[in-house]
Protein chains: 2
Amino acid sequence: MIQLPEVIKNAVEALTRLPGVGEKTAFRMVMSMTHWRGAELIEVGNAISELRDLKLCQDCGMFSEAQFCSVCLDENRQSIKSICVVENHADLIAIEKSSTFKGTYHILGGVLNPLLGVGPDELKMDELKNRIIEREVQEVILAINPSVEGDATCSYFKTLLPETVKVERIGFGVPIGGNLEYLDPMTITKALENRKRF
Amino acid sequence: MIQLPEVIKNAVEALTRLPGVGEKTAFRMVMSMTHWRGAELIEVGNAISELRDLKLCQDCGMFSEAQFCSVCLDENRQSIKSICVVENHADLIAIEKSSTFKGTYHILGGVLNPLLGVGPDELKMDELKNRIIEREVQEVILAINPSVEGDATCSYFKTLLPETVKVERIGFGVPIGGNLEYLDPMTITKALENRKRF
């Protein structure tokens, strides 16, 4: 059996650490990269290494090039006194893409999960509570994904806040473009519960 | 709309250069990489950059750490006087995995394709012809994929060789695990043509 050079084996092993990339896919990627110019390989390699320089906004926890992200620095958005709580960066970006929410965000860093050892101290809950109280935020929108852990996280967090703060959770139901035929019974139940006068 | 840091944009752009990776997949990969340790990011980045150090065997064109690859250095394999001609590295590895062929290889670097400007000079044809004549190779197995261009490449290459060299092409038919119902008519035609006494 032919012995592949170490550089190939290393590159294949490195790429299999990416989500959704198995050994075959990684191998195909490396085969394609063997046709690249040296400068291009260095460019891509550096782009990955440089992710270590990523900073987080000290307010909301979003990726940022400075101490605070562009959303937290925007006075218009700060003045709205509404915080949207999300689990992670990708969820924040998804909401931001809808261009609907005009306030600021807070990244919790996950949801409570006692089985995996994720308690309130592992999440940015105290920071969120302090932000809400210090800045007199009047509205908290919990954009936490629907799951047993997500539901528990929302319930627990509500108990931390003064009753004067309006706490809401995003709506659940049939997604736009969705088809009742292919949706799970739980979503249908939620869609029926959340019906609105037409 | 939130502005993502340059390092994220660069990493996403870099990963979309990989085959089969679109912007969404690249973004998901980068999101997952933001949770890695700095040392791991450097490791993966370097594994990609170091692909530029890859050498090619001066005989067969396979990836190699030295001047010649392990197959070409193997005297047992050299003594067999049989060369298997493949289009690219991945095809060579696929054949080597079957552990069936005991001779040496030659990577052509593609197939003739006049429309894309690939003529005999763009492929390692002269090198192959010289190897065959100098080393008195008696058998050439064309493991070129079946396509109009592949067929033309095989026909053209045969005309370059002395008639004493036995030139063969790998067999075409129903793949093991394949199902007649789902195979294309051309494969069925080949399978019928290539039938053997049972």
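Residues numbered from 1 in each chain as written. Chains lettered and ligands numbered in written order. Predicted model: local features only at pLDDT ≥ 70, side-chain atom pairs only at ≥ 80, totals over all residues. Heavy atoms only, no water.

(A) Spotlight on the packing of helix H7 (residues 125-134) of chain B against helix H8 (residues 148-160) of chain B. Residues and elements named next belong to chain B. Following both chains from N to C, one finds H7 and H8 inclined at 45 degrees, their axes separated by 11 Å at the closest point. Between H7 and H8, the angle is such that the two are oblique. H7 and H8 meet at a crossing whose hand is right-handed. Where H7 approaches H8, its residues Met-125, Leu-128, Lys-129 and Ile-132 are matched on the opposing element by Thr-153, Tyr-156, Phe-157 and Leu-160. (Axes fitted to C-alpha atoms, helices over the stretch in contact; angles between N-to-C directions. Helix = DSSP H or I, 4+ residues; strand = E, 2+ residues; numbered from the N terminus. Parallel < 35°, antiparallel > 145°, perpendicular 65-115°, else oblique. Left-handed = near helix turned anticlockwise from the far one by under 90°. Contact = heavy atoms within 4.5 Å.)

(B) Structural detail: the side chain of Thr-104 of chain B. All names here are of chain B. Checked against the element boundaries, Thr-104 lands in strand S4 (residues 104-107). Within the local environment of Thr-104, its side chain forms a polar contact with the side chain of Arg-131, the two groups lying 3.5 Å apart. The contact partners of Thr-104, leaving out residues within four places of it in the chain, are Val-71, Arg-77, Gln-78, Ser-82, Ile-83, Cys-84 and Arg-131. (Polar contact = N/O pair within 3.5 Å; in protein donor to acceptor, adjacent residues only side chain to side chain.)

(C) The relation of the copies chain A and chain B, seen in detail. Each copy of the sequence occupies a distinct position, and chain A is placed on chain B by a rotation of 180 degrees and an axial shift of 0.0 Å, giving an RMSD of 0.0 Å. Those values place the two copies in the arrangement expected of a two-fold rotation axis. When C-alpha distances to the rotation axis are compared across chain A, the minimum falls at Gly-45 of chain A, with a value of 1.9 Å. Of the residues that chain A buries at the interface, 100% are likewise interface residues in chain B, meaning the two copies contact each other through the same surface. (Least-squares fit on C-alpha atoms with pLDDT ≥ 70 in both.)

(D) A look at the confidence of the model for chain A. Counting all residues, the mean pLDDT for chain A is 92, and 100% of those residues have values of 70 or more. Scoring of the predicted complex yields 0.79 for pTM and 0.80 for ipTM. (pLDDT = per-residue confidence, 0-100.)

(E) Just a negative patch on the surface, in detail. Residue and element names in this part refer to chain A. Together, Asp-121, Glu-122, Asp-126 and Glu-127 give the surface a local cluster of negative charge. By secondary structure assignment, the location of Glu-122 is in the loop between strand S4 (104-107) and helix H7 (125-134). What makes Glu-122 exposed here is its relative accessible area of 51%. (Patch = residues over 30% accessible without salt bridge, like charges linked within 9 Å, V, L, I, M, F, W, Y side chains within 5 Å. Areas by Shrake-Rupley, 256 points an atom, 1.4 Å probe, with all protein chains shown as cover. Salt bridge = Lys/Arg side-chain N within 4 Å of Asp/Glu carboxyl O. Lys, Arg positive; Asp, Glu negative; His and termini not counted. Charge placed at Lys NZ, Arg CZ, Asp CG, Glu CD. Buried < 20%, exposed > 50% of the residue type's maximum accessible area, 1.4 Å probe, protein only.)

(F) Inspection of the interface of chain A and chain B at higher detail. Across the boundary between the two partners, chain A contributes 53 residues, which contact 53 residues of chain B. Here chain A is connected to chain B by four salt bridges. Residue Arg-17 of chain A is joined to Glu-40 of chain B by a salt bridge in which the shortest nitrogen-to-oxygen separation is 3.2 Å. Inspection of the region where chain A meets chain B yields six residue pairs in polar contact (both at pLDDT 80 or more). Counting residues per element, the ones that place at least two in the side of chain A that touches chain B are helix H1 (6-15), helix H2 (23-33), helix H3 (38-49), strand S2 (63-64), helix H4 (70-73) and helix H6 (89-97) of chain A.

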